[in-house]
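Observations on the model geometry
Below are the chains, spelled out letter by letter.
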Amino acid sequence: MQNRITALFGIRYPIIQGGMIWNSGWELASAVSNHGGLGLIGSGSMYPHILEEHIQKCKKATQKPFGVNLPLIYPQVNDHIDIIIKEGIKIVFSSAGNPAKWTPLFKEHGIKVVHVVANTKFAIKSEESGVDAIVAEGFEAGGHNGREETTTMCLVPLVKKVTTLPLIAAGGIGSGRAMAAAMALGADGVQVGSRFAASKESSGHTRFKERIIESKDGDTMLTLKELIPVRLLHNGFFEKVQQAYTRGASKEELQELLGRGRAKKGMFEGDLEEGELEIGQISALFDSIDSVEDIMKSFVSEYNTAISELQSTTL
Ligand code: NDP
């Protein structure tokens, strides 16, 4: 397939791996790129020197294009940007912040910029800021999420209506069939997080990956909207948050309960009770921890099957 997204990034399949904190290191990003998608290093959980190390290792592990996901609320965002420019990274996916602030600098350095949005207002802002493409990430997605709870099914056509930019659908895309659905809604590509979090190459803890593939529908919920909304798997920490809501806890109390480093504790150190386990609703669909190669192959074959089935069912 050749389309606006494969042409923009110089990749074979319009499948982008989400730059998930604690999961998306150089091994995952390079494997996805080597198998025809676009791998992203998730810089949100990396100190600047760690990001530099991952970029350098990724360059050695793949000759294909790869990029960096940059949450704009990262405390040392300036240092990350310096490293991205110094290392000659050509693709940045920015999220959690205003794209107007940094996009012109990236463009000056010939970097393609894609911004992640959860509503049409930010899609318009992203286009005005000069980004090259937009990720429309719906309510189903894991980790940080929009407050409005707009599902991928609604968000993709809504964003499509307000922008002419290449559009990448995210949130709930865990199979080639879901990819076909997103493309039918008008997306030019998909961003896949949860499926790759449960891959062999993800840097997440094995216990976290096992918990992902054991999860059932209804096991995740969007919470902590007063701080930054985040979709989490139910566990001891999640229960504590629920209890705090029941007793009418203030924003400050919620912040204190969250503390620091919960995401690392859960996803990287494998503390399934006290850590934050950030994953999307679609995790309920996965039964095994697979290699990136197998995941990419099944996406392609399921996508092709779905498209050919649909072609024989016109109304
Ligand atoms: P916390 O404040 O709870 O903890 C910070 C964590 O980030 C620590 O574990 C710390 O590692 C690590 N870290 C890496 N670089 C730095 C730095 N320069 N200063 C301080 N800590 C750093 O934050 P979270 O873990 O919840 O989130 C971390 C980042 O990831 C944020 O920038 C956030 O916006 C982003 N994020 C993005 C998501 C998304 O969906 N795009 C989802 C969740 C988070 P150590 O323990 O080794 O000190």
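Data block above holds the structure.
Everything quoted here is computed from the prediction, not taken from an experiment.

A few words on the site of the ligand. Around the ligand lies a shell of 18 residues, among which Tyr47, Tyr74, Gln76, Gly261 and Lys264 are the nearest. Between an oxygen atom of the ligand and a main-chain N or O atom of Gly44, the distance comes to 3.4 Å. In the model, an oxygen atom of the ligand is placed 3.2 Å from a nitrogen or oxygen of the His144 main chain. Protein coverage of the free-state accessible area of the ligand, which is 890 Å², stands at 78%. Of the residues in the shell around the ligand, the class split is nine nonpolar, six polar and three charged. Three or more residues apiece are contributed to the shell around the ligand by two domains, here domain 1 (4–204 + 286–311) and domain 2 (206–282).

In terms of nonpolar packing, the biggest core is built from 66 residues, with Ile15, Ile41, Phe106, Ile173 and Phe196 touching the most fellow members. When residues of this core are assigned to their parent elements, the largest contribution, six residues, is made by helix H14 (residues 292–311). Here this core spans two domains, and each of domain 1 (4–204 + 286–311) and domain 2 (206–282) adds at least three residues to it. For Phe196, the contacting residues outside a window of four places in its chain are Ile15, Gln17, Met20, Leu28, Val32, Ser202, Val292, Ile295 and Met296. By size, the runner-up hydrophobic cluster in this structure holds 15 residues, among which are Ile16, Leu40, Val114 and Ile168.

A word on the side chain of Asn119. Relative to the helices and strands, Asn119 is located in the loop between strand S5 (112–117) and helix H6 (120–128). For Asn119, the side chain forms a polar contact with the main-chain nitrogen of Lys121, separated by 3.3 Å. Each residue touching Asn119, except ones within four places of it in the same chain, is listed here: Glu148, Leu155 and Val159.

On to helix H3 (residues 48–61), then. Taking 1.5 Å per residue, 14 residues should reach 20 Å; H3 reaches 20 Å between its end C-alpha atoms and fits that length. Buried within H3 are the following residues: Pro48, Leu51, Glu52, His54, Ile55 and Cys58. For H3, the angular spread of buried residues about the axis comes to 165 degrees, placing them on one side. Pointing more than 90 degrees away from the buried face of H3 are the exposed residues His49 and Lys60. On its buried face, H3 is in contact with helix H2 (26–34), strand S2 (39–42), strand S3 (66–71) and helix H4 (77–86).

Attention now moves to the pattern of salt bridges. By the definition in use, this model includes twelve salt bridges. One salt bridge in this structure joins Arg177 and Glu309, with 3.1 Å as the shortest N-O distance. With Arg177 in helix H8 (residues 176–184) and Glu309 in helix H14, the pair connects residues that are 132 residues apart, well separated along the chain. Residue classification places Arg177 among the partly exposed residues on the basis of a relative accessible area of 43%. Glu309 gets classed as partly exposed once you look at its relative accessible area, which sits at 40%. Via salt bridges that share partners, Lys240, Arg262 and Glu274 belong to a single interconnected network.

The rules behind the values
Residues numbered from 1 in each chain as written. Predicted model: local features only at pLDDT ≥ 70, side-chain atom pairs only at ≥ 80, totals over all residues. Heavy atoms only, no water. Near = heavy atom within 4 Å. Polar contact = N/O pair within 3.5 Å; in protein donor to acceptor, adjacent residues only side chain to side chain. Areas by Shrake-Rupley, 256 points an atom, 1.4 Å probe, with all protein chains shown as cover. Nonpolar A, V, L, I, M, F, W, Y, C, P; charged D, E, K, R; others polar. Domains from an automatic or database assignment. Core = buried A, V, L, I, M, F, W, Y, C linked by side-chain atoms within 4.5 Å. Buried < 20%, exposed > 50% of the residue type's maximum accessible area, 1.4 Å probe, protein only. Helix = DSSP H or I, 4+ residues; strand = E, 2+ residues; numbered from the N terminus. Contact = heavy atoms within 4.5 Å. Expected span 1.5 Å × (residues − 1). Arc of directions from axis to C-beta. Salt bridge = Lys/Arg side-chain N within 4 Å of Asp/Glu carboxyl O.

Note that all results are geometric; they support no functional claim without further evidence.
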